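# Architecture at a glance
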Amino acid sequence: MSDHSGLTIALNKGRILKEFLPMLAACGIEPSEDMSASRKLVFDSRTGGHKLVVMRGADVPTYVEYGAADVGITGKDTLMEYEGGSHFYERLDLNIGVCKLMTAAPPDTDLTSGRLRVATKFVNVTRRYFEAQGRQVSIIPLSGAMEIAPLMDLADCIVDIVDTGNTLKANGLVALDTIAHVSSRVIVNRASMKTRFDAVQNLIDTLRGQVAAANPLIGSKP
Ligand code: PRP
């Protein structure tokens, strides 16, 4: 567990980080230097003694699970895929990083019969999804660029994140079923929720206020 006065916050690098940094700044938490201009992965905050740690999304739940970070920001897709344990709470939907987890395939692919080959990095979500349909599939684990797997005849279809749909289109695939609606979430280590209650709650409340202000028509949900 972190022993400095502020919170240790694990941040999902990439698009989520870009969208989240202004929200964090509005909470009074800003990195002491420009994150995008640095190869560093751990940044002190200008004030408050917080530590901001930049990492791959899939590692955010692990850091929070083990208490190496008090708080984490990552996508619901990553949380659905994570099967490491439950030593954290999902406390807030930030309504950023909004996209869908979908199946996709080349047009006119018959996905109704035979044993499907499904390429994905979301192997756990994919297994559960097809199990719930009573379908046996062969899951082909990839770590990125799933879109090319059907083109190379490695798979019949893929399960991947769809935002604008441009990547699917550019690779000649069509989106099929929506497995989950995805957005970025705040997770909090269970122990930190108790030992750092004021700091954590203050952060969550301020973020919740921003979510409500940015999305007046929807309630924020965990
Ligand atoms: C995601 C996803 C798709 C793309 C979809 O990849 O894996 O490739 O975004 O976005 P679009 O519908 O707007 O084209 P990302 O760029 O996040 O990188 P990743 O593969 O490392 O997750």
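If you're wondering where the values come from, they're calculated on a predicted model, not measured in any experiment. Here the residue index of a chain counts from 1 through its sequence in written order. Given that the model is predicted, a residue must reach a pLDDT of at least 70 before its local features are reported, and side-chain atom pairs must reach 80 or more before they are shown or counted; all residues, however, enter totals for whole chains, interfaces and linings. Hydrogens and water molecules were not included; the side-chain quantities draw on all heavy atoms of the structure.

## Considerations on the overall build of the protein chain
Only DSSP runs of H or I covering at least 4 residues are called helices, and only runs of E covering at least 2 are called strands; the numbering of each starts at the N terminus. Along the backbone of the protein chain there are 8 helices and 11 strands. We take the radius of gyration over the C-alpha atoms and set the globule estimate at 2.2 Å times the residue count to the 0.38 power. What you see for the protein chain is a C-alpha radius of gyration of 19 Å, in line with the 17 Å of a compact globule of 222 residues. Principal axes of the C-alpha set define a box for the protein chain whose edges measure 55 × 40 × 30 Å. Per-residue burial for the protein chain yields a buried fraction of 45% across its 222 residues. Restricting to contacts in the protein chain with at least 6 residues of sequence separation, those with at least 24 account for 69%. As displayed, the protein chain has an accessible area near 11,300 Å², and 53% of this comes from carbon and sulfur atoms. Only four residue types enter the charge count, namely Lys and Arg as positive and Asp and Glu as negative; His and the chain termini do not. A charge is said to be at NZ when it belongs to Lys, at CZ for Arg, at CG for Asp and at CD for Glu. Each charge sign in the protein chain was given a centre, from 24 positive and 25 negative side chains, and these centres are 1 Å apart. Think of it in three bands: residues with accessible area under 20% of the maximum for their type are buried, residues over 50% are exposed, and the middle band is partly exposed, with areas taken using a 1.4 Å probe on protein chains only. Between two residues, a contact is recorded if the distance between any of their heavy atoms is within 4.5 Å. Note on areas: these come from Shrake-Rupley sampling with a 1.4 Å probe, and a residue is covered only by the protein chains present in the view.

## Digging into the domain arrangement of the protein chain
Domain extents, as shown, originate in an automatic or database domain assignment. By domain assignment, the protein chain separates into domain 1 (8–97 + 183–214) and domain 2 (99–181). On the domain 2 side, the residues contacting the 7 residues of domain 1 number 12 residues. What counts as buried area is the accessible surface, traced by a 1.4 Å probe, that two parts surrender upon association, with contributions from both included. Both faces considered, domain 1 and domain 2 share a buried interface measuring about 860 Å² in area, 41% of it formed by carbon and sulfur atoms. When the buried surface of domain 1 facing domain 2 is broken down by residue, Asp 77, Met 80 and Glu 81 rank first, second and third, together holding 59% of it.

## A look at a positive patch on the surface
The patches described consist of residues with a relative accessible area above 30% and no salt bridge, like charges being joined within 9 Å and nonpolar side chains (Val, Leu, Ile, Met, Phe, Trp, Tyr) within 5 Å. One side-chain nitrogen of Lys or Arg within 4 Å of one carboxyl oxygen of Asp or Glu is enough to make a salt bridge. On the surface, a cluster of positive charge is contributed by Lys 13, Arg 39, Arg 56 and Lys 121. Within the secondary structure, Arg 39 is located in the loop between α1 (15–26) and β2 (42–44). By relative accessible area, which is 81% here, Arg 39 ends up exposed.

## Some details on helix α8 (residues 197–214)
Between its first and last C-alpha atoms α8 spans 25 Å; for 18 residues at 1.5 Å apiece the expected length is 26 Å, and the two agree. Those residues of α8 lying buried are Val 200, Gln 201, Leu 203, Ile 204, Leu 207, Gln 210 and Val 211. On its buried face, α8 is in contact with β1 (8–12), α1, β4 (71–75), β5 (88–93), β11 (184–189) and α7 (190–195). To estimate how far a helix should reach, multiply one less than its number of residues by 1.5 Å.

## What to know about the site of the ligand
Nearness of a residue to a molecule or strand requires only that one of the residue's heavy atoms be within 4 Å of it. The immediate surroundings of the ligand are formed by Arg 15, Lys 121, Glu 147, Asp 160, Ile 161, Val 162, Asp 163, Thr 164, Gly 165, Asn 166 and Thr 167. Each polar contact in these results corresponds to two N or O atoms within 3.5 Å; when the atoms are within protein, one needs to be able to donate a hydrogen and the other to accept it, and residues that are neighboring in sequence are counted only if both atoms are side-chain atoms. Here an oxygen atom of the ligand sits 3.0 Å away from a polar atom, N or O, in the side chain of Lys 121. In the model, an oxygen atom of the ligand is placed 2.5 Å from a nitrogen or oxygen of the Thr 164 side chain. Burial of the ligand by the surrounding chains reaches 66%, relative to a free accessible area of 500 Å². Among the elements of the structure, β9 (157–162) and α6 (166–170) are those that each provide at least two residues to the shell around the ligand.

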